[in-house]
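Structure at a glance
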Amino acid sequence: MEILKGIIEKAKSDRRKIVLAEGTEPRTVKAAEMIIKDGIAEIILLGNKDEIKSKAKELNADIEGAEIIDPISSPLFESYAKRYYELRKNKGVDLNKAYEIIKNPLYFGCMMVQNDDADGMVAGAINTTADLLRAAFQIIKTAPNISIVSSAFIMIVPDCGYGSDGVFLFADCAINPNPNAEELASIAVASAKTASTLLGIEPRVAMLSFSTKGSAQHELVDKVVNATRIAKEMAPEILIDGELQADAAMVPSVASLKSPGSKVAGSANVLIFPDLQSGNIGYKLVQRLAKAQAIGPISQGLNKPINDLSRGCSTEDIYNVVAITAVQAQANK
Ligand SMILES: CC(C)(COP(=O)(O)OP(=O)(O)OC[C@H]1O[C@@H](n2cnc3c(N)ncnc32)[C@H](O)[C@@H]1OP(=O)(O)O)[C@@H](O)C(=O)NCCC(=O)NCCS
Ligand SMILES: CC(=O)OP(=O)(O)O
């Protein structure tokens, strides 16, 4: 929890302007109230003004301090549509289509961030990850020298001595369905960076598999072995090891049996899943069965901070992801 408090204090220290694209969604409206009250960020809610105000009234939420922008009647609408057309005309988008697309708050919000009218955006309480990411990929795009955008969850597991006192980073649990070895290596390196910059912990990165150091042979294991080698070449300064089963990665007694001498096994705090099936299932199991707090998915590798939520998120989750987005935005300046 200390880690989360640190992020929240950092967000407060230099307030950024964050767009909440799902402005009428009840958890979002409540989160906006809390964020404004605690001074975490300046908030822009997107959507129909009357609908947002009546939702706030119904929820007894004070959102007086929020700016409300209706994309359709906004003076920014025309210029954003034209800019979107310029960005996507070589992909077959004509001007009429651009006007249609910019009515969608996910696209309008990304345009606000891209044009520095806001510093970051959070959505995904009602929209799917794929819909949010498509808008971000098209408008915000991938940062220089980054081959692939991925995501990570901060997992805070109660009464747990593994990882960094129960704190882990899990990746990729939200974006890339089946990364190849190079892509998996990039996810590992990006996650190590997120762990050190956002969580302030020294990353110990485990490349997870159903095999530990050759205990099983399969092409799925080969992918993780290759990804581990590539990640070590990409970032020799980072502690990365694999392939490791989850118990060998986290539990010292199992690590000493299965992978003796490893600097990561038994103490991993960054867990890299081999594909999205295992990553998404894995984080939800830990969240629900171990009652862990799952904060994210936090995007890694976009030019500017756009973050997703799970549709199962709580008001508190939105509050936390906004704080993280604000801290990422500070780092971008
Ligand atoms: C991320 C995702 C939406 C991309 O899907 P898609 O639209 O079919 O992907 P495409 O291959 O058509 O690519 C669309 C654009 O995004 C870009 N893109 C796709 N994946 C990318 C990635 N990981 N990093 C950077 N750019 C990416 C493509 O380069 C392309 O750009 P362009 O249109 O400018 O050429 C898709 O991989 C997905 O649905 N992932 C799973 C999301 C999910 O359901 N998660 C589980 C719940 S959290
Ligand atoms: C991250 C994630 O799994 O999102 P959702 O639950 O909305 O599919």
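From a predicted model like this one, the values you see are computed outputs, not experimental measurements. Every chain begins its residue count from 1, and numbering advances along the sequence as written. Here chains are named by letter from A upward and ligands by number from 1 upward, in the order in which they appear as written. Only residues with pLDDT of 70 or above have their local features reported here, since the model is predicted, and side-chain atom pairs are shown and tallied only from 80 upward, although totals for entire chains, interfaces and linings are computed over all residues. Computation of side-chain values: all heavy atoms of the structure, hydrogens and water removed.

**What about unusual backbone geometry?**
Put simply, the test is: A run of H or I in DSSP becomes a helix once it reaches four residues, and a run of E becomes a strand once it reaches two; helices and strands are each numbered from the N terminus.
The omega torsion of the bond from Gly242 to Glu243 falls at -10 degrees, within 30 degrees of zero and hence cis. Of note, Glu243 is situated in strand β8 (residues 239-244).

**Topic: the site of ligand 1**
Counted only if it meets this: Being near a molecule or strand, for a residue, means having at least one of its heavy atoms within 4 Å of it. N or O atoms within 3.5 Å of each other form a polar contact, as long as, within protein, one can give a hydrogen and the other can take it, and as long as residues adjacent in sequence are counted only when both atoms are side-chain atoms. Side-chain classes follow a simple rule in which Ala, Val, Leu, Ile, Met, Phe, Trp, Tyr, Cys and Pro form the nonpolar group, Asp, Glu, Lys and Arg form the charged group, and the remainder, Gly included, forms the polar group.
Lining the immediate surroundings of ligand 1 are 16 residues, of which Lys91, Arg134, Ala174, Ile175 and Asn176 lie closest. Contact between ligand 1 and Ile175: a nitrogen atom at 2.8 Å from a main-chain N or O atom of the residue. Asn176 places a side-chain nitrogen or oxygen 2.8 Å from a nitrogen atom of ligand 1. Taken together, the elements giving at least two residues each to the shell around ligand 1 come down to α7 (129-139) and α12 (276-289). If one sorts the elements of the shell around ligand 1 by residue count, α7 sits on top with five residues. Grouping the amino acids of the shell around ligand 1 by side-chain chemistry returns nine nonpolar, four polar and three charged.

**Looking at the site of ligand 2**
Around ligand 2, the surrounding shell consists of Thr129, Phe153, Asn280, Tyr283, Lys284, Ser310 and Arg311. At a separation of 2.8 Å, an oxygen atom of ligand 2 approaches a polar side-chain atom of Lys284. Between ligand 2 and Ser310, the relevant distance is 2.7 Å, taken from an oxygen atom to a side-chain nitrogen or oxygen of the residue. Broken down by element, the shell around ligand 2 gets its largest block of residues, three residues, from α12. Its residues assigned to classes, the shell around ligand 2 comprises two nonpolar, three polar and two charged.

**Here's the deal with the environment of Asp275**
Short version of the rule: The classification of residues rests on relative accessible area computed with a 1.4 Å probe and restricted to protein chains. Under 20% of the type maximum is buried, over 50% is exposed, and intermediate values are partly exposed. By the convention used here, residues are in contact when the closest approach between their heavy atoms is within 4.5 Å.
Its location among the elements puts Asp275 in the loop between β9 (270-272) and α12. A residue is classified by how much of its surface remains accessible, and Asp275, at 23% relative accessible area, is partly exposed. Taking C-alpha positions, Asp275 is 6.0 Å from Pro177, a pair spaced 98 residues apart along the chain. Asp275 has contacts with Asp172, Pro177, Asn178, Pro179 and Lys223, leaving out every residue within four places of it along the chain.

**Re the pattern of salt bridges**
Put simply, the test is: For salt bridges, the criterion is a side-chain nitrogen of Lys or Arg within 4 Å of an Asp or Glu carboxyl oxygen.
If you walk through the whole model with that rule in mind, you get 15 salt bridges. Of the charged contacts in the structure, one is a salt bridge between Glu2 and Lys5, with a shortest N-O distance of 3.4 Å. Of this pair, Glu2 and Lys5 are both found in helix α1 (residues 2-13), three residues apart, which corresponds to roughly one turn of the helix. The salt bridge involving Lys304 is made with Asp116; its shortest N-O contact spans 2.7 Å. Pair noted here: Lys304 is in the loop between β10 (293-300) and β11 (306-307) and Asp116 is in the loop between α6 (105-114) and β4 (120-122), with a separation of 188 residues, a long-range link. Taking the relative accessible area as the measure of exposure, Asp116 reaches 51% and is therefore exposed. Salt bridges here are not isolated pairs; linked through shared partners, they connect Lys213, Lys232 and Asp241.

**Notes on the UniProt feature "domain: Phosphate acetyl/butaryl transferase" (unreviewed entry) in the chain**
Here is the rule we go by: UniProt positions are given in the numbering used here, feature names are shortened, and annotations may be inferred rather than shown by experiment.
Mapped onto the present numbering, the UniProt feature "domain: Phosphate acetyl/butaryl transferase" (unreviewed entry) falls on residues 3-326. Between the end C-alpha atoms of residues 3-326 the distance is 15 Å, and the span holds 46% helix and 16% strand.

**Section: the environment of Asp317**
Within the secondary structure, Asp317 is located in helix α13 (residues 315-332). Since its relative accessible area comes to 14%, Asp317 is described here as buried. In this structure the C-alpha to C-alpha distance between Asp317 and Arg16, which are 301 residues apart in sequence, comes to 18 Å. Those residues within four positions of Asp317 in sequence are excluded, and the remaining contacts are Ala294 and Leu309.

**Re the sheet that holds strand β1 (residues 17-20)**
Spelled out, the test is: By this definition, two strands are paired if DSSP reports at least two bridges between them. Convention adopted: a line fitted to C-alpha atoms gives each axis, helices being fitted over their contacting stretch, and angles between N-to-C directions are expressed from 0 to 180 degrees.
With respect to topology, five strands assemble into an open sheet ordered β3-β2-β1-β4-β11, the strand pairing being parallel. Strands at the two margins of the open sheet, each flanked by one partner only, are β3 (67-69) and β11. Two strands pair when backbone bridges link them, and β4 and β11 are joined in this way by two bridges, in the parallel orientation. Directly across from Val122, in β11, lies its bridge partner Asn307. On top of the sheet, α13 reaches β1, β2 (42-46), β4 and β11; it is set at about 160 degrees to β4, its chief contact.

**Topic: helix α8 (residues 181-199)**
Where we set the bar: To estimate the expected span of a helix, subtract one from its residue number and multiply by 1.5 Å.
Between its first and last C-alpha, α8 extends 26 Å over 19 residues, near the 27 Å set by a 1.5 Å rise per residue. The element α8 is extensively covered by neighbouring structure, given that 14 of its 19 residues are classed as buried. Of the residues one or two after α8, Gly200 is the one with positive phi, at around 65 degrees.

**With respect to the pairing of strand β7 (residues 204-208)**
Operational definition: Call a crossover right-handed when, viewed with both strands pointing away from you, the route from the first strand across the helix to the second goes clockwise.
Among the five residues that make up β7, five are buried, leaving the element largely enclosed by the rest of the structure. Burial along β7 is two-sided: Arg204, Ala206 and Leu208 facing one way and Val205 and Met207 facing the other are all buried. Between the parallel elements β7 and β8, the chain passes through helix α9 (residues 219-234) in a crossover that is right-handed.

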